Amino acid sequence: MGRKKGQLAGKTLFITGASRGIGQAIAERAARDGANIAIAAKTATPHPKLPGTIYTAAEAIERAGGQCLPCVVDIRDEAAVKAAVDETVSRFGGIDILINNASAINLSGTEALDMKRFDLMHSINTRGTYLCSKTCLPFLKKSSNPHILNMSPPLSMDAKWYKNHVAYTMAKMGMSFCVLGMAEEFRDTGIAVNALWPKTAIYTAAMEMLGGGESVKNSCRTADICADAAYAIITKDSKGFTGNFCVDEDVLRKDGVADFSKYACVPGQPLQPDFFLDFDPNDPTFQGDLNDVFEKAVENTKSTGGGGNGVAGMFGLIGGQLNDKVVQATGAVFQFELSGDESGIWHLDLKSGAGAAGEGASPSGAADVIFKMDSADFIKMFRGELKATSAFMSGKMKIKGDMGKAMKLEKLMGNVKSKM
């Protein structure tokens, strides 16, 4: 019996950066409809730390039901992009959909970032998106339902998204500016140009490598949610849906999806919001946070007349909630460098004994993760007036070190709360 075909049967997608992760997930979702897919990416031989090549991705796409053309392409190279587009058209007869997924990331600040890495991000993210769109344009114009979909965030001029990693934010927003301009530029041709961005962190092999290990999975969703949202967008009427900055969960909710637990890497765990999105701190998606461990201490503070409101009192109360099981589950030392009225260095040792919390650096060794913030904001977190995720995403709290262990601490807080 033949495989059932869907809305993208016979359509041709050109997807950049699809040798793994979100790009491959989108490709496989389209393949289940019987689509033709060209994957344009650099990875022809296995990366020493990241699994997958364009050829292993092509095999997965064809197993899912599609036809695949793997193209070795550096999207910074105009001639290579043109050659890949021409080969795609020669093989499949045209291009109906372009997914600009390829992207480079470096979250360094201005002083720390060298120009080579600046150029890399802008050449891939902004220039690569522009180049691929321009090169595919003549063929998209011939399609009955042409779409360009950029994996980029809603446009924002809020300085909090720029101040800590201005180069990366500029590069991603450049992709989104392409949506803003091209949607209007190509409106009369019927070519839809939209953006898609995940509401939460998405777990990929690259995320694991950059985040410090598999522990980052606990606070992530799978790439399937982006694939399903992308499918929902690119199967819409291109003439009626263009110029939109979409968020994956919002797209699927409008299509009737109510249960998102299937997308969680670890169902029931609190999720990490993605960059560039302002979110409601009461959103149940993000329940469970660094401040959860403070709730019992807040109750104790109130019952004793507020004597533990200061930083020192808070650390004393937190220390009282620790035990050897918490230490065994975490295996890390956290350091808090506070500025402001109650400036100082404090530690939370979850690596040795039954754990400890107190002033100064940990006597058990160097910190695995360093949190920097104003003591007033730290107190607000303690009182439950400021969520840690919000503090991090807005730049009020900076994190240096092993992000995987930082996320372990977030999970720990939920566990401690459940036992209080």
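Everything numeric here is computed off the predicted structure, so don't read it as measured data.

Assigned secondary structure in the chain consists of 14 helices and 12 strands. Counting all 420 residues of the chain, 53% fall into the buried class. The contacts in the chain between residues at least 6 apart in sequence include a share of 72% that link residues at least 24 apart. Total accessible area on the chain is roughly 18300 Å²; 51% of this is exposed by carbon and sulfur atoms.

Note that Glu-59 resides in helix H2 (residues 54–64). The spacing of Glu-59 and Pro-70 is 11 residues in sequence and 9.6 Å in space, taken between C-alpha atoms.

This paragraph deals with a positive patch on the surface. Residues Lys-163, Lys-380, Lys-396 and Lys-398 make up a contiguous surface patch of positive charge. Within the element layout of this structure, Lys-380 appears in helix H12 (residues 375–383). With relative accessibility at 36%, the residue Lys-380 sits in the partly exposed group.

Moving on to the sheet that holds strand E4 (residues 97–100). Across the sheet, which stays open at both edges, the 7 strands sit in the order E3-E2-E1-E4-E5-E6-E7 with parallel pairing between neighbours. Looking at strand neighbours, the two that pair on one side only are strand E3 (67–72) and strand E7 (245–247), the edges of this open sheet. Direction aside, the axes of adjacent strands within the sheet are offset by 20° on average. In terms of strand pairing, strand E1 (residues 12–16) meets strand E2 (residues 36–41) through 5 bridges, oriented parallel. Its bridge partner lying in E2, Thr-16 is registered against Ala-40. Against the sheet, helix H4 (residues 115–140) contacts E1, E4 and strand E5 (147–150), and its axis sits at roughly 180° relative to E4. Most of the contacts of helix H5 (residues 166–185) go to strand E6 (residues 192–197), to which it runs at about 150°, and overall it touches E4, E5, E6 and E7.

This part takes up the packing of aromatic side chains. Summed over all chains, the structure comprises 8 aromatic pairs. Measuring from ring centre to ring centre gives 5.8 Å for Trp-197 and Phe-276, while their planes differ by 50°; the resulting arrangement is tilted. Of this pair, Trp-197 sits in strand E6 while Phe-276 sits in the loop between helix H8 (248–254) and helix H9 (294–303), placing them 79 residues apart in sequence. Like Phe-276, Trp-197 is buried. Ring-pair connections join several aromatic residues into one group, and the members of that group are Trp-161, Tyr-168, Trp-197, Phe-275 and Phe-276.

Before going further, it helps to spend a moment on the confidence of the model for the chain. Scored by pLDDT, the chain has a mean of 84; 81% of the residues are at 70 or more. This model gives residues 411–420 a pLDDT under 50, and the stretch forms 19 contacts once residues within four places in sequence are excluded.

A sheet is described by the order of its strands in space; here 5 strands give the open sequence E10-E9-E8-E11-E12, paired in mixed fashion. A single partner strand is all that each edge strand has here, and the edge strands are strand E10 (356–359) and strand E12 (397–401). Strand-to-strand twist in this sheet, taken as the mean axis angle between neighbours without regard to direction, amounts to 15°. Here strand E9 (residues 344–350) runs beside E10; their pairing, made up of 4 bridges, is antiparallel. Each residue of the ladder has a partner; that of Leu-348, found in E10, is Ala-357.

Let us now look at helix H3 (residues 78–92). Owing to its 3.6 residues per turn, the α-helix brings residues three or four apart onto one side. Its 15 residues place the ends of H3 21 Å apart at the C-alpha level, agreeing with the 21 Å of an ideal helix rising 1.5 Å per residue. Packing partners of the buried residues in H3 comprise E1, E2, E3 and H4. The opening residue of H3, the one whose side-chain oxygen lies 3.0 Å from the backbone nitrogen of Ala-79, is Asp-77. Gly-93 lies just past H3 and shows a positive phi near 95°.

With that settled, consider the environment of Pro-154. Following the sequence through the fold, Pro-154 ends up in the loop between E5 and H5. The spacing of Pro-154 and Phe-177 is 23 residues in sequence and 9.3 Å in space, taken between C-alpha atoms. Dropping the residues within four chain positions of it, Pro-154 is found in contact with Met-173, Trp-197, Phe-245 and Leu-277.

Following both chains from N to C, one finds H4 and H5 inclined at 10°, their axes separated by 8 Å at the closest point. In terms of axis orientation, H4 runs roughly parallel to H5. Touching Phe-118, Met-121, His-122, Asn-125, Thr-126, Thr-129, Tyr-130 and Ser-133 of H4 are Ala-167, Tyr-168, Met-170, Ala-171, Lys-172, Gly-174, Met-175, Cys-178 and Met-182, all from H5. A breakdown of the residues in the contact of H4 with H5 according to their chemical character gives 10 nonpolar, 6 polar and 1 charged.

Reading the values: rules and limits
Residues numbered from 1 in each chain as written. Predicted model: local features only at pLDDT ≥ 70, side-chain atom pairs only at ≥ 80, totals over all residues. Heavy atoms only, no water. Helix = DSSP H or I, 4+ residues; strand = E, 2+ residues; numbered from the N terminus. Buried < 20%, exposed > 50% of the residue type's maximum accessible area, 1.4 Å probe, protein only. Contact = heavy atoms within 4.5 Å. Areas by Shrake-Rupley, 256 points an atom, 1.4 Å probe, with all protein chains shown as cover. Patch = residues over 30% accessible without salt bridge, like charges linked within 9 Å, V, L, I, M, F, W, Y side chains within 5 Å. Salt bridge = Lys/Arg side-chain N within 4 Å of Asp/Glu carboxyl O. Lys, Arg positive; Asp, Glu negative; His and termini not counted. Charge placed at Lys NZ, Arg CZ, Asp CG, Glu CD. Pairing = 2+ DSSP bridges. Axes fitted to C-alpha atoms, helices over the stretch in contact; angles between N-to-C directions. Phe/Tyr/Trp six-rings, centres within 6.5 Å; stacked < 30°, edge-to-face > 60°. pLDDT = per-residue confidence, 0-100. Expected span 1.5 Å × (residues − 1). Polar contact = N/O pair within 3.5 Å; in protein donor to acceptor, adjacent residues only side chain to side chain. Parallel < 35°, antiparallel > 145°, perpendicular 65-115°, else oblique. Nonpolar A, V, L, I, M, F, W, Y, C, P; charged D, E, K, R; others polar.

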